[in-house]
Amino acid sequence: MVAIGFAGALAPAPPAAADRDDVGQVKWGACPDDVTAGASTLNVQCGTVTVPLDYDDPDGTQIDLMLSRLASENPQKRRGVLLLNPGGPGGSALTMPAGLADLGIPSKVLDTYDLIGMDTRGFGHSAPIDCKFTVGQDYIGNVPPYAVDNAAVVKQAEIAKGVAEQCAANDTDGRMAHITTANTARDLDRIRAALGEEKASYFGLSYGSALGAAYASMFPDTTDRVVIDSNLGDTSLDRAGIRRYALGMEETFPDFAKWAAARNSAYGLGRTPEEVREMYFTLAEQLDEKPVSGIDGRLFRLVTFGGLYAERRYGQTAQLWEGIKDADETAVKRLMAAAPGAPAAAGEAASYSNSWSVFLTVTCNDVEWPTDVRAYQHSVAVDREKYPLFGAATANILPCAFWPVGPSEPQVKINDDGPTNILIMQNRHDPVTPLLGGQLFRKKFADRSRLVTVDGSGHGVYVYGRNACALNVGTAWLVDGVMPETDVQCRAA
């Protein structure tokens, strides 16, 4: 994150909280099939909340946001609502209440809260936007491709410019300008009011940490108990945040390398972690020169990055490396069909078009982005040396450099003037949101927060991770309101 925006006495006054009389009441009913699939044993309901497209014009165009609810079945223990966000931007939380229940979130939490998922504005069932990405288009996702040299940055700039123009051409109703983190935070407070709650609690991961930070900063008086997990470190995903993906990969890759080295007789990727790391560079450079089954060096690096999100992905990643090493095209094709991090190669890009569109729109609208291609060339050269595994990818140019809209308002500033109600949870090794993000939030929120640092690897801590200490601390906060007196260090599971 570029701007470390300390708030406090110099921060602007928080916006007025929504009032239920101005919002209306949610009417719950059946959910769409894509929400209830696989959750038939749970009583998940759906409903909509109407919000202004433009909060500066509250009586203007209105849009409907879809919510899901897994209601508490214990009225005596119910505290209120827990608003959920899984990240993105461009990720649906409609299935998140049932998903958390299936993962084993403690029953105490299910008793204490109605779990509330949602499609945020612009996504899914909530007034979706769409840049109309197509199968075969030279745009394979929102992580920039690895740039081997300056010429590769120039080539990517041409693609990025075309993507920005494509999104603008498909924004026929002017909706994209209003798809921002600040407006989504305003939506959260309006949802709180529509649910009839004086305050709302919140649990968000990844980009959801940025949204939660914005929500708690803008509405300190109506946020209750907040958990932000796997943290960006600021209220937006800016260029510095994306460049930190490379730091996260450098810090997390040794876990995979150690795992693979212990299984060298099975996969043949190296007898030591150092040899496994060298194998990564060898395979990537070979694929730069001669792709296998359409898999080039940039896609190999991207898929390996995605394979670090959780240890359960290590075996699939090792299989892919093995197939590439042996030039086994049949195996490579099979493995790429479900490889994390390569949706455009694995399936139809059109199925990801809405998600990618929201990612770009929020990311590009929230902050100003550099427009000089030479600045990206310089950053790529620097990060290629500093973070050799992936730095020349994450420093590369995004369509945000050519985005036609730009920020409609300043980025939300962190507000450290409020209750001590923000629990920050963070793995030491996280490929996409490294430990630094959690540490940045802890410093910026100051006495409003506590940091739980887990000696673990992967993306996702509370419920999504395996650490008992973190689960206990997070549950004690959400259920009993027990905020740790000091920061917490959780040992490895």
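In what follows, the structure referred to is the one given above.
Model, not experiment: these values are computed from the prediction.

1. Examining the overall build of the chain
For the chain, the helix and strand inventory stands at 19 helices and 9 strands. Its C-alpha radius of gyration of 22 Å places the chain within 12% of the 23 Å reference for a compact globule of 493 residues. The dimensions of the chain, computed from C-alpha atoms along their principal axes, are 65 × 50 × 45 Å. Taking all 493 residues of the chain together, the buried fraction comes to 58%. Here the analysis covers contacts within the chain between residues at least 6 apart in sequence; of these, 78% occur between residues at least 24 apart. For the chain, the exposed area adds up to about 19900 Å²; of that, 48% sits on carbon and sulfur atoms. Positive and negative charge centroids in the chain, built from 44 and 61 side chains respectively, lie 4 Å apart.

2. A closer look at the pairing of strand β3 (residues 80–85)
Of all 6 residues making up β3, 6 are buried, and the element is well covered by its neighbours. Where β3 meets strand β4 (residues 113–118), 4 bridges bridge the pair, whose relative direction is parallel. In the sheet register, Leu82 faces β4, and the bridge partner there is Leu115.

3. Some remarks on the state of the cysteines
For the coordinates displayed, the defined rule picks out 4 disulfides. The side chain of Cys31 participates in a disulfide bridge whose partner is Cys46; the two sulfur atoms lie 2.0 Å from each other. Between Cys31 and Cys46, the S-S torsion sits near 100 degrees, and that sign places the bridge as right-handed. Of the two residues, Cys31 sits in the loop between α1 (20–23) and α2 (33–36) while Cys46 sits in strand β1 (residues 44–52), which places them 15 residues apart along the sequence. Here Cys31 matches Cys46 in class, with each residue buried.

4. Some remarks on helix α7 (residues 207–218)
With 12 residues, α7 extends 17 Å from end C-alpha to end C-alpha; this agrees with the ideal 16 Å at 1.5 Å per step. All of the buried residues along α7 are Tyr207, Gly208, Ser209, Ala210, Leu211, Gly212, Ala213, Ala214, Tyr215, Ala216, Ser217 and Met218.

5. A look at the pairing of strand β8 (residues 449–457)
Across the 9 residues that make up β8, a large majority, 7, are buried. Between the parallel elements strand β7 (residues 422–429) and β8, the chain passes through helix α18 (residues 435–445) in a crossover that is right-handed. Pairing geometry for β8 and strand β9 (residues 488–490), over 3 bridges, is parallel. When the sheet's bridge partners are listed, Val454 is paired in β9 with Cys490. In the classification by handedness, the crossover that spans β8, the intervening helix α19 (residues 468–480) and the parallel β9 is left-handed.

6. Focus on the sheet that holds strand β6 (residues 223–231)
Strand order in the open sheet formed by 9 strands is β1-β2-β4-β3-β5-β6-β7-β8-β9, and the pairing between neighbours is mixed. Looking at strand neighbours, the two that pair on one side only are β1 and β9, the edges of this open sheet. Across the sheet, the mean angle from the axis of one strand to that of its neighbour is 20 degrees, orientation sign disregarded. Two strands pair when backbone bridges link them, and strand β2 (residues 62–70) and β4 are joined in this way by 4 bridges, in the antiparallel orientation.

7. Points about the packing of helix α8 (residues 239–261) against helix α12 (residues 314–325)
Contact geometry of α8 with α12 gives a least axis separation of 11 Å together with a crossing angle of 75 degrees. Considered as vectors, α8 and α12 are oriented roughly perpendicular to each other. From α8, Phe253, Asp255, Phe256 and Trp259 reach across to α12, where they touch Tyr314, Gly315, Thr317, Ala318 and Trp321. For the contact of α8 with α12, the per-class residue count stands at 6 nonpolar, 2 polar and 1 charged.

8. Description of the environment of Asp189
Within the secondary structure layout, Asp189 lies in helix α6 (residues 181–194). By relative accessible area, which is 1% here, Asp189 ends up buried. Not counting the four nearest positions on each side in its chain, Asp189 is found in contact with Ala17, Ala18, Tyr215, Phe219 and Thr222. One polar contact links Asp189 to Arg192, side chain to side chain, over a distance of 2.8 Å.

9. Here we look at the pattern of salt bridges
Applying the stated rule across the entire model yields 18 salt bridges. A salt bridge links Asp189 to Arg192, with the nearest nitrogen and oxygen atoms 2.8 Å apart. Linking Asp189 with Arg192, this pair stays in helix α6, spanning 3 residues, or about one helical turn. Members of the salt-bridge network, linked through shared partners, are Arg78, Asp114 and Glu197.

10. Some words on helix α10 (residues 273–289)
Since the α-helix turns once every 3.6 residues, residues separated by three or four places project in the same direction. Spanning 17 residues, α10 covers 25 Å between terminal C-alpha atoms, matching the ideal 24 Å at 1.5 Å per step. Buried within α10 we find Val276, Met279, Tyr280, Phe281, Leu283, Ala284 and Leu287. On its buried side, α10 packs onto α8, α11 (297–306) and α12.

11. A look at the packing of aromatic side chains
One pass over the structure, following the stated rule, counts 23 aromatic pairs. Judged by centre distance (6.2 Å) and plane angle (20 degrees), the ring pair of Phe256 and Trp259 falls under stacked. In this pair, Phe256 and Trp259 both sit in helix α8, 3 residues apart, roughly one turn of the helix. For the residue pair Phe256 and Trp259, the accessibility class agrees, reading buried in each case. Aromatic ring contacts, followed pair by pair, group Phe253, Phe256, Trp259, Tyr267, Tyr280, Phe281, Phe300, Tyr314 and Trp321 into a single cluster. One cation-aromatic arrangement involves Arg239 over Tyr376; the distance from NZ or CZ to the ring centre is 4.4 Å.

12. Digging into the side chain of Thr120
As for its placement among the helices and strands, Thr120 is situated in the loop between β4 and α5 (150–169). Thr120 sits in the buried class, given a relative accessible area of 10%.

Definitions and limits used
- Residues numbered from 1 in each chain as written.
- Predicted model: local features only at pLDDT ≥ 70, side-chain atom pairs only at ≥ 80, totals over all residues.
- Heavy atoms only, no water.
- Helix = DSSP H or I, 4+ residues; strand = E, 2+ residues; numbered from the N terminus.
- Rg over C-alpha atoms; globule rule 2.2 N^0.38 Å.
- Buried < 20%, exposed > 50% of the residue type's maximum accessible area, 1.4 Å probe, protein only.
- Contact = heavy atoms within 4.5 Å.
- Areas by Shrake-Rupley, 256 points an atom, 1.4 Å probe, with all protein chains shown as cover.
- Lys, Arg positive; Asp, Glu negative; His and termini not counted.
- Charge placed at Lys NZ, Arg CZ, Asp CG, Glu CD.
- Pairing = 2+ DSSP bridges.
- Disulfide = S-S within 2.5 Å.
- Expected span 1.5 Å × (residues − 1).
- Right-handed = clockwise from strand over helix to strand, strands pointing away.
- Axes fitted to C-alpha atoms, helices over the stretch in contact; angles between N-to-C directions.
- Parallel < 35°, antiparallel > 145°, perpendicular 65-115°, else oblique.
- Nonpolar A, V, L, I, M, F, W, Y, C, P; charged D, E, K, R; others polar.
- Polar contact = N/O pair within 3.5 Å; in protein donor to acceptor, adjacent residues only side chain to side chain.
- Salt bridge = Lys/Arg side-chain N within 4 Å of Asp/Glu carboxyl O.
- Phe/Tyr/Trp six-rings, centres within 6.5 Å; stacked < 30°, edge-to-face > 60°.
- Lys NZ or Arg CZ within 6 Å of the ring centre and 35° of its normal.

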